[in-house]
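Take a look at the letters that make up each chain.
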Amino acid sequence: MQPLRSLLFVPGNRPAWMEKAIAYGADALILDLEDAVPMGDKAVARGMVRQALEHGSSQSPILTVRINALDTKMAGDDLEAIVCPGLAAIIAPKVETRHDIITLDTLVTRYEQRAGIVNGTVEIFPTLETAKGIYHAYTIATASSRVATLCVAAGPGGDTARSLGYLWSKEGAETLYIRAKVLLEARAAGITYPLIASWFDIADLDGLRADTRLNRRLGYTGQLIIHPSHVPIVNETFTPTAEEIAYHQGLLAAMEEAERQGIAAVTYAGTMVDIAMVKTSRQLLALARAIGVVE
């Protein structure tokens, strides 16, 4: 999986919106067949999403689709309609167990074969939106090689808030534990680029920035968002700054010089650094290269 800083939801029953969203600058689009589409529009929305996937190009953002949850009995119909060469990943809502992933993997494999797609091409991005799903984060992350990331939902008033019973605040104290838990278990499972959905206030851009900065400090690398105005803020926050890049490039240069002198640790920018910090610097610079801000 490549790093995805911003993943923008677009209703799957709005062809004009899906077309316009390509230009908003998000790293990925989530063409939504779930909550954004009324029950009576589900069937027609599948065809619209399929058309959007088929008309994508190499210049488009990564195209993903949020299907309906398994317990709705609509996920199979969704997958049959939308698995095609333009689909990079499915966003799987309300995943609760390892078995859910195995079921989705089996269905995706079937429809990949039908579409003539190489097995394993379509990734699964599970979203954890219930107490049970959050509890089983690690086993969900390791259930299939298709699971490229985990996304925890930590916003106000939705499935997670109802399942856990928390009273949401902009400061995020009540969701800090679940943010940290899913981040830890994603990393333990070998996931490089964990995701989060935690801000749904369209107008409060200062609040969005604070929330996104918290998520980055915790270790998240990208965020699901609901409005085009959120894209620049989220992209900026999850992109290493010029100062960070310069610091880590300098650290590597200092350690290379130390190694030539047979020294294992040196003082750099007032701090003792050693091989552990070298690995951290290489990791950040690899992220910067993947995003495209460093050659």
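Everything below is about the structure printed above this text.
A quick note: this is a predicted structure, and the numbers were derived from the prediction, not measured.

Novice: Where do I start with the side chain of threonine 239 in this structure?
Specialist: Its place among the elements puts threonine 239 in the loop between helix H10 (231-237) and helix H11 (242-260). Note on threonine 239: relative accessible area 11%, which makes it buried. At 2.5 Å, the side chain of threonine 239 and the backbone oxygen of asparagine 235 are in polar contact. In contact with threonine 239, not counting residues within four places along its chain, are Arg5, Arg216, Glu244, Ile291 and Val293.

Novice: Is there a simple way to explain the packing of aromatic side chains in this structure?
Specialist: Each pair of aromatic rings is reported with the distance of its centres and the angle of its planes. Tallied over the entire structure, the rule returns 2 aromatic pairs. Each ring, one from tyrosine 247 and one from tyrosine 268, has its centre 5.1 Å from the other, and the planes form 55 degrees; the classification is tilted. In this pair, tyrosine 247 sits in helix H11 while tyrosine 268 sits in strand E9 (residues 266-268), placing the two residues 21 residues apart along the sequence. Tyrosine 247 sits in the partly exposed class, given a relative accessible area of 32%. Just above the ring of tryptophan 17 sits the side chain of arginine 14; from NZ or CZ to the centre is 4.8 Å.

Novice: When you look at unusual backbone geometry in this model, what are you seeing that I'm missing?
Specialist: Negative phi values dominate among residues other than glycine, just as trans dominates among peptide bonds. Positive phi is not limited to glycine here, since lysine 73 has a value of about 65 degrees. Within the secondary structure layout, lysine 73 lies in the loop between strand E3 (62-66) and helix H3 (75-82). Relative accessible area serves as the criterion here: at 71%, lysine 73 is assigned to the exposed category. For lysine 94, which is not a glycine, the phi torsion comes out positive at approximately 55 degrees. By the element assignment, lysine 94 lies in the loop between strand E4 (89-92) and helix H4 (98-115).

Novice: Is there a simple way to explain the layout of surface pockets in this structure?
Specialist: In this approach the atoms are scanned with a rolling probe the size of a water molecule, which exposes any empty space left behind. Put simply, the largest pocket is a space of about 570 Å³. For the lining of the largest pocket, the secondary-structure elements that each account for two or more residues are strand E1 (6-11), helix H1 (15-21), strand E6 (151-153) and helix H7 (159-164). The greatest single-element share of the lining of the largest pocket, amounting to 4 residues, is contributed by E1. Here the residues of the lining of the largest pocket are counted per class, giving 19 nonpolar, 4 polar and 6 charged. Lining the second largest pocket are 14 residues, with Arg187, Thr221, Gln283, Leu284 and Leu287 sitting closest to its centre. Split by residue class, the lining of the second largest pocket holds 6 nonpolar, 6 polar and 2 charged.

Novice: Just to check I follow, could you spell out the nonpolar core for this structure?
Specialist: One broad trend across soluble globular proteins is that nonpolar side chains are buried collectively. In terms of nonpolar packing, the biggest core is built from 58 residues, with Leu53, Val65, Leu79, Ile82, Ile90 and Leu150 touching the most fellow members. Per-element tally for this core: the top contributor is H4, with 5 residues.

Reading the values: rules and limits
Residues numbered from 1 in each chain as written. Predicted model: local features only at pLDDT ≥ 70, side-chain atom pairs only at ≥ 80, totals over all residues. Heavy atoms only, no water. Helix = DSSP H or I, 4+ residues; strand = E, 2+ residues; numbered from the N terminus. Buried < 20%, exposed > 50% of the residue type's maximum accessible area, 1.4 Å probe, protein only. Polar contact = N/O pair within 3.5 Å; in protein donor to acceptor, adjacent residues only side chain to side chain. Contact = heavy atoms within 4.5 Å. Phe/Tyr/Trp six-rings, centres within 6.5 Å; stacked < 30°, edge-to-face > 60°. Lys NZ or Arg CZ within 6 Å of the ring centre and 35° of its normal. 1 Å grid on protein atoms, 1.4 Å probe; cavity = no way out; pocket = protein on both sides within 12 Å on 5 of 7 lines; lining within 4 Å. Points joined across faces, edges and corners; volume = space filled by probe spheres on them. Nonpolar A, V, L, I, M, F, W, Y, C, P; charged D, E, K, R; others polar. Core = buried A, V, L, I, M, F, W, Y, C linked by side-chain atoms within 4.5 Å.

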